[in-house]
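Summary of the model geometry
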Amino acid sequence: MTAATRLAAPAPSFVHRYVPAAVPGRPPVLLLHGTGGNEEDLLGLGERVAPGSALISPRGKVAEGGANRFFRRFAEGVFDEDDLIARTHELADFVAAIRAREGVPAPVALGFSNGANIAAAMLLLRPEVLAGAVLLRAMAPFRNPPQAAISGTPVLLLSGDMDPIVPAENAARLAATLTGAGAEVTHQVLPTGHGLSSPDLSLTHRFLAGLGTPVG
């Protein structure tokens, strides 16, 4: 196949920011904002906890009262699971398109709240897309989770013991689901609410720094 006839990589389907790696060999990080965020929202966090890594930061396509989200919900903590499934696959296809365009390996997801929930769904529905995940204030995305094989995938789940949005039982159920699917889950409950705290940043930085260079 000649250069003139070579197929182009599929066009990314999300408004997004891509920051190339400044340090070779660092895993790329997929930044997934919470409700009301956008593609700029977590760039500073990504630069702080994963210095030198390539950053992929899409904007959620669902609008809820003017606030960006990655999937629809019926009420607080009650997800539209059909929409979640469809949008998880769409986001996974976007990641594949970015990888093809930029020539980068599978990223580690770093998601907060709504972004962490779709990252958890991606681990269960499209496990080949991610090399790992940091789930900040995540909930179990499915009432009846799909069977998944994510053997050895590193996951850091950070919950708040005063979180008014994510019940402790729900976060523990997510940890158990991911562990049951084979992921290497570290679940820590911090003395905080739904917002992020200094320990979130230090634990995330340590987790990401400890990951090896991904393959593929």
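Residues numbered from 1 in each chain as written. Predicted model: local features only at pLDDT ≥ 70, side-chain atom pairs only at ≥ 80, totals over all residues. Heavy atoms only, no water.

1. Things to note about the overall build of the chain
Per the secondary structure count, the chain includes five helices and eleven strands. Along the first, second and third principal axes, the C-alpha set of the chain runs to 60 × 35 × 35 Å. By the burial criterion, 51% of the 216 residues in the chain qualify as buried. In the chain, of all internal contacts separated by at least 6 residues, the share reaching a separation of at least 24 is 72%. For the chain, the accessible area works out to roughly 9600 Å², and carbon and sulfur atoms hold 54% of it. Where the 17 positive side-chain charges of the chain centre and where its 19 negative ones centre are 5 Å apart. (Helix = DSSP H or I, 4+ residues; strand = E, 2+ residues; numbered from the N terminus. Buried < 20%, exposed > 50% of the residue type's maximum accessible area, 1.4 Å probe, protein only. Contact = heavy atoms within 4.5 Å. Areas by Shrake-Rupley, 256 points an atom, 1.4 Å probe, with all protein chains shown as cover. Lys, Arg positive; Asp, Glu negative; His and termini not counted. Charge placed at Lys NZ, Arg CZ, Asp CG, Glu CD.)

2. Points about the sheet that holds strand β2 (residues 29–32)
Taken together, the seven strands give an open sheet; going across it, the order is β1-β3-β2-β8-β9-β10-β11, and neighbouring strands pair in mixed fashion. For this open sheet the edge positions go to β1 (16–19) and β11 (184–190), each flanked by a neighbour on one side alone. Geometrically, the sheet is characterised by an average inter-axis angle of 10° between neighbouring strands, direction not taken into account. Where strand β10 (residues 154–160) lies against β11, seven bridges are found, and the strand directions are parallel. Paired with Leu 158 across the strands is Gln 188, a residue of β11. Against the sheet, helix α4 (residues 168–180) engages β9 (132–136), β10 and β11, with an angle of about 165° to β11. (Pairing = 2+ DSSP bridges. Axes fitted to C-alpha atoms, helices over the stretch in contact; angles between N-to-C directions.)

3. A short note on unusual backbone geometry
Its identity is not glycine, yet Ser 113 carries a phi of approximately 55°, on the positive side. By secondary structure assignment, the location of Ser 113 is in the loop between β8 (108–112) and α3 (114–125). On the basis of relative accessibility, which here comes to 14%, the residue Ser 113 falls in the buried class. Phi at Arg 137 takes a positive value of approximately 65°, unusual for a residue other than glycine. Residue placement: Arg 137 occurs in the loop between β9 and β10.

4. A word on the pairing of β2
Here β2 shows a buried face lined by Val 29 and Leu 31 and a second buried face lined by Leu 30 and Leu 32. Where β2 and strand β3 (residues 55–58) come together, two bridges link them in parallel fashion. Note on β3: the bridge partner recorded for Val 29 is Leu 55. The sheet contact formed by β2 and β8 spans four bridges and is parallel. Residue pairing for β8: Leu 31 is matched across the bridge by Leu 110.

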